[in-house]
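Residue-level listing of the chains:
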Amino acid sequence: MQFLVLGAALFVAHAAFGPDEAPPPQRIVIDARTVALLEERHARAWGARPDAATRERLIEDRIAEEVLYREALALGLDRDDATIRRQLRQKMQFLLQDSLAVVAPDAGELHAYFTANHARYTEPARYSFEQVFLGSDAEVAALRKATREIEDPTELARPSLLPRALNEVTAEGIDRVFGAGFVSRIASLEPDRWEGPVESAFGLHLVRLGAVLPAHLPGFESVRDRVAADLAQEQAPRAEADLVARLRARYEIVIEGAAE
């Protein structure tokens, strides 16, 4: 049915010129750059450059594509297609990226943005520790007695896929492995000695807390590029809105059927 409708439309469009009034020809130029692109695309797909016959077929296919594309535009087939409109909008936004370039902020603006967004750039605390998995059915009293009597608490370890030690890992990373709340239970332990049992989502553990690197705000210069990128990203929507407003001024906007 679509082909019948398209054929009828083409017939009507052709008839509009009259039997003796052929439309002026439109030029389709297949230049050397286009041929090179066709050859490169073929080479990437097939691993070899096209021979003469294949090159001719590629060119003919490109001409057919261009002819049908132009005829589709002439018939307005793109006008009420939401997918095409969305794709063209995205392409236009991409092409306008250079126009949306924000004036590079000066050092004062970057410092102000950095100061106002300290939380974004603060490095989280990091923890190092060893753990011995004891299982889920161990008795607290027995474990405490064992840790006093056994020289090497790792002898109490039960089979587990949990890491034996973690080094300089954030609270989020640790809780992702051992379950929510595990960091809060080990953070107050006395460093460099086996403590426990400490409960995780998997059971009980003996833990020897190592170094704790507290949260800290890095120096501005060490994150300057990141600050500049974040500020530019934040300003981009406003720049795009300003540009669209300037382009919109070229049009007369009529909203029919709007509520009075």
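Treat the numbers as computed from the prediction; the structure is a model and nothing was measured.

1. As for the overall build of the protein chain
Point 1. Secondary structure assignment for the protein chain yields 10 helices and 4 strands.
Point 2. Listing every helix and strand of the protein chain by position from the N terminus yields α-α-α-α-α-α-β-α-β-α-α-β-β-α.
Point 3. Taking the contacts inside the protein chain whose residues are at least 6 apart along the sequence as the reference set, 65% of them involve residues at least 24 apart.
Point 4. Carbon together with sulfur atoms contributes 55% to the accessible area of the protein chain, which is approximately 19,200 Å² in total.

2. With respect to helix H3 (residues 52-74)
Point 1. Helix length check: H3 (23 residues) gives 33 Å between terminal C-alpha atoms against 33 Å at 1.5 Å per residue, within 8%.
Point 2. Turning to H3, its buried residues number three or more, namely Thr 54, Leu 58 and Glu 66.
Point 3. Looking at the buried residues of H3, the elements they touch are helix H2 (32-46).
Point 4. Backbone geometry just after H3 places Gly 76 at a positive phi near 75°.

3. A closer look at the confidence of the model for the protein chain
Point 1. Chain-level pLDDT for the protein chain is 83 on average; 80% of the residues reach the 70-or-more range.
Point 2. This stretch, residues 1-6, has a pLDDT under 50; its non-local contacts, to residues over four places away or in other chains, come to 2 contacts.
Point 3. When the criterion is pLDDT under 50, residues 15-19 qualifies, and its contacts beyond four places in sequence or with other chains add up to 1 contact.

4. Description of the sheet that holds strand E4 (residues 204-213)
Paired through backbone hydrogen bonds, the strands of a sheet run either parallel or antiparallel to each other.
Point 1. Taken together, the 4 strands give an open sheet; going across it, the order is E2-E1-E4-E3, and neighbouring strands pair in antiparallel fashion. With partners counted over all chains shown, the strands left at the sheet margins are strand E2 (165-170) and strand E3 (194-199), one partner each. The mean inter-strand angle of the sheet, taken between neighbouring strand axes irrespective of direction, is 40°.
Point 2. On top of the sheet, helix H8 (residues 171-178) reaches strand E1 (126-135), E2 and E4; it is set at about 135° to E2, its chief contact.

5. Observations regarding a nonpolar patch on the surface
Point 1. On the surface, Ile 28, Val 67 and Leu 68 cluster together to form a nonpolar patch covering roughly 240 Å² of accessible area.
Point 2. Within the element layout of this structure, Val 67 appears in helix H3.

6. A word on the pattern of salt bridges
Point 1. All told, the structure shown has 12 salt bridges when counted by the stated rule.
Point 2. Here Arg 62 and Glu 66 are joined by a salt bridge, their closest N and O atoms 3.2 Å apart. On the criterion of helical spacing, the pair formed by Arg 62 and Glu 66 is a turn pair, its members being 4 residues apart in helix H3.
Point 3. Look at Arg 62 and you get partly exposed, because its relative accessible area is 24%.
Point 4. Of the charged contacts, one joins Arg 193 and Glu 190 as a salt bridge, the two residues approaching to 3.4 Å between their closest N and O atoms.
Point 5. For Arg 193, a relative accessible area of 42% translates into the label partly exposed.
Point 6. The network of salt bridges with common partners includes Arg 62, Glu 65, Glu 66 and Arg 70.

7. Let's talk about unusual backbone geometry
Point 1. Cis geometry is adopted by the peptide bond preceding Pro 197, which originates at Gly 196 and carries an omega value of 5°.
Point 2. Following the sequence through the fold, Pro 197 ends up in strand E3.
Point 3. Here the phi dihedral of Glu 168 falls at roughly 50°; this positive angle occurs in a residue that is not glycine.
Point 4. As for its placement among the helices and strands, Glu 168 is situated in strand E2.
Point 5. The backbone of Asp 192 shows a phi angle near 60°, a positive value even though the residue is not glycine.
Point 6. Looking at the element boundaries, Asp 192 is found in the loop between helix H9 (182-186) and E3.
Point 7. Judged by its relative accessible area of 62%, Asp 192 is exposed.

8. Remarks on helix H10 (residues 224-248)
Point 1. Counted at 1.5 Å a residue, the expected span for H10 with its 25 residues is 36 Å, and the 36 Å between its end C-alpha atoms agrees.
Point 2. Of all the bends in H10, the greatest, near 35°, is centred on Ala 236, and the proline Pro 237 appears no more than four residues after it.
Point 3. Along H10, the positions that sit buried rather than exposed are Val 227, Asp 230, Leu 231, Gln 235 and Leu 243.
Point 4. Summarising the contacts, the buried residues of H10 are in contact with helix H5 (107-116) and helix H6 (118-121).

9. Things to note about the nonpolar core
Point 1. Phe 129, Ile 174, Phe 178, Phe 182, Ile 186 and Val 207 are the most contacted members of the largest nonpolar core, which has 16 residues in total.
Point 2. Where this core is concerned, the elements lending two or more residues are E1, E2, H8, H9 and E4.
Point 3. Apart from the residues within four sequence positions on either side, Phe 178 is in contact with Phe 129, Gln 131, Leu 162, Pro 163, Leu 166, Ser 200, Ala 201, Phe 202 and His 205.
Point 4. Listed in part, the 8 residues of the second largest apolar core include Phe 114, Val 223, Val 227 and Leu 231.

Conventions we followed
- Residues numbered from 1 in each chain as written.
- Predicted model: local features only at pLDDT ≥ 70, side-chain atom pairs only at ≥ 80, totals over all residues.
- Heavy atoms only, no water.
- Helix = DSSP H or I, 4+ residues; strand = E, 2+ residues; numbered from the N terminus.
- Contact = heavy atoms within 4.5 Å.
- Areas by Shrake-Rupley, 256 points an atom, 1.4 Å probe, with all protein chains shown as cover.
- Expected span 1.5 Å × (residues − 1).
- Buried < 20%, exposed > 50% of the residue type's maximum accessible area, 1.4 Å probe, protein only.
- pLDDT = per-residue confidence, 0-100.
- Pairing = 2+ DSSP bridges.
- Axes fitted to C-alpha atoms, helices over the stretch in contact; angles between N-to-C directions.
- Patch = residues over 30% accessible without salt bridge, like charges linked within 9 Å, V, L, I, M, F, W, Y side chains within 5 Å.
- Salt bridge = Lys/Arg side-chain N within 4 Å of Asp/Glu carboxyl O.
- Bend = angle between axes of the 7 residues up to and from the residue.
- Core = buried A, V, L, I, M, F, W, Y, C linked by side-chain atoms within 4.5 Å.

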